[in-house]
Each structure stands twice: as C-alpha cells, then as structure tokens.
Amino acid sequence: MRYVLGTDHAGLVLRDFVKEYLHSRGFAVLDLAPKTPQRVDYPDFAQKVCREILNTQDTRGVLICGSGIGMSIAANRFVGIRAALCLDAYMAKMARLHNNANVLCLAERISGLGEVESILEAFVQTDFEGGRHMGRISKIEAFD
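Residues numbered from 1 in each chain as written. Predicted model: local features only at pLDDT ≥ 70, side-chain atom pairs only at ≥ 80, totals over all residues. Heavy atoms only, no water.

Enquirer: Looking at this model, I keep getting lost on the nonpolar core. Mind explaining?
Expert: If you look at the biggest cluster of nonpolar residues, it comprises 23 residues, and the most contacted ones within it are Tyr3, Val18, Leu22, Val62, Cys86, Leu104 and Leu106. Listed by contribution, the elements that provide at least two residues to this core are strand 1 (2–7), helix 1 (12–24), strand 3 (59–65), helix 4 (89–97), strand 5 (103–107) and helix 5 (113–125). A total of 6 residues in this core trace back to one element, the largest contributor, which is helix 5. Leave out the neighbours within four places in its chain, and Tyr3 touches Leu22, Phe27, Ala28, Val29, Leu30, Arg60, Gly61, Val62, Phe123 and Val124. Formed by 16 residues, the second largest nonpolar core is a distinct cluster that contains Ala46, Ile53, Met71 and Cys105. (Core = buried A, V, L, I, M, F, W, Y, C linked by side-chain atoms within 4.5 Å. Buried < 20%, exposed > 50% of the residue type's maximum accessible area, 1.4 Å probe, protein only. Helix = DSSP H or I, 4+ residues; strand = E, 2+ residues; numbered from the N terminus. Contact = heavy atoms within 4.5 Å.)

This is the structure in structure tokens:
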C-alpha cells in the first residue's frame, strides 16, 4: 500500500508527523504538499491527491488542513474517492471497516499528535468488511 499526502499551509506540521509515521510502518509515501508555509488553496492539493489515488492501484491518501473540513468536502467531489474526516480512532476504524474510505482527512488545528497517531493506526490497520456495506458504497458511487 502506498499513501499520498496533501495539505494546505495549515497542515504542514502534521504532514511531517504523518509522513514519518507512515514511513516507520513500511509504507511508501508520495508527498504532494507545499514545501513552504505560504498561503495556498486546499482544493488544489485535494485534487492532486485524489487524481493520484484514482490513477494508481493500491494507493490511499491523507489530506490535512486546519479543520479537515475543506479537504474532506473537496476530496468527496471525485467519483471513487471516499474521504473521511476523522477526529478519533473509532471514526477512522469505522471509515475503513464500513465505508472503505480511501482518504483520511485530518485537522491540524484540532487534533494533537497522540490522537493523530491512534487515528492513523486505526486507519492503516483496518480492512474493509465488505458484505452489506458494499451495496451501500455502490449506491453512493451511482450518484451523479
């Protein structure tokens, strides 16, 4: 599994933490985040990450902004992307288990590093349950 990271200017500190966490767990990481703290627009980075996920097998994403809300809204505009804003490990587990989320959205200005570590752990270790949940995902994917 490979992870693609994207942030706006409000997510750079957390990006470094996430990148190190994923590397330490043996995941390949592609960092598409800005390199400087100058103001940028989150939709531009959500788009880059989502396009990479949709064009590359075995790839998930992590998007970070101040609240996580903007990134999750932007990412969910792409058919085939199931982005989940997770503020705790239970949300991350359920996002993978029931929704087969392929993008984790995080909030640098809300979540502390300890919480983020538990969120990441739940997200990367949980597999999609399938079954009855597949029908629900298919319904969502059929929306125009």
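Enquirer: What is the right way to read helix 4 from this model?
Expert: In an α-helix, one full turn covers 3.6 residues, which means residues spaced three or four apart are oriented alike. Buried within helix 4 are the following residues: Ala92, Met94, Ala95, Arg96 and Leu97. For helix 4, the elements touching its buried residues are strand 3, strand 4 (83–85), helix 5 and helix 6 (132–141). The N-capping residue of helix 4, defined by a side-chain oxygen 3.2 Å from the backbone nitrogen of Tyr90, is Asp88. (Polar contact = N/O pair within 3.5 Å; in protein donor to acceptor, adjacent residues only side chain to side chain.)

Enquirer: Any chance you could explain the pairing of strand 1 here in plain terms?
Expert: Every other side chain in a regular strand lies on the same face of the sheet, so the side chains alternate between the two faces. Among the 6 residues in strand 1, 5 count as buried, and that is most of the element. In terms of strand pairing, strand 1 meets strand 2 (residues 28–31) through 4 bridges, oriented parallel. Along strand 2, the bridge assignment pairs Arg2 with Ala28. (Pairing = 2+ DSSP bridges.)

Enquirer: When you look at the packing of aromatic side chains in this model, what are you seeing that I'm missing?
Expert: For any pair of aromatic rings, geometry is given as the distance between the ring centres together with the angle between the planes. Going through the model one piece at a time under the given rule, you end up with 1 aromatic pair. Summarising the aromatic geometry, the rings of Tyr3 and Phe27 are spaced 5.1 Å apart at their centres and angled 80 degrees between planes, so their arrangement reads as edge-to-face. Of this pair, Tyr3 sits in strand 1 while Phe27 sits in the loop between helix 1 and strand 2, placing them 24 residues apart in sequence. You can call Tyr3 buried: its relative accessible area is 1%. (Phe/Tyr/Trp six-rings, centres within 6.5 Å; stacked < 30°, edge-to-face > 60°.)

Enquirer: Explanation requested: the packing of helix 4 against helix 5 in the structure shown.
Expert: Describing two packed helices takes the angle between their axes plus the distance from one axis to the other. Two elements in contact, helix 4 and helix 5, have axes separated by 8 Å at closest approach and are oriented at 20 degrees. As the angle between them shows, helix 4 and helix 5 are arranged roughly parallel. Where helix 4 crosses over helix 5, the two elements pack in a sense that is right-handed. Of the residues in helix 5, those in contact with Ala89, Ala92, Lys93 and Arg96 of helix 4 are Glu115, Ser118, Ile119, Ala122 and Phe123. A breakdown of the residues in the contact of helix 4 with helix 5 according to their chemical character gives 5 nonpolar, 1 polar and 3 charged. (Axes fitted to C-alpha atoms, helices over the stretch in contact; angles between N-to-C directions. Parallel < 35°, antiparallel > 145°, perpendicular 65-115°, else oblique. Left-handed = near helix turned anticlockwise from the far one by under 90°. Nonpolar A, V, L, I, M, F, W, Y, C, P; charged D, E, K, R; others polar.)

Take it as geometry only, folks, not as evidence of what the structure does.
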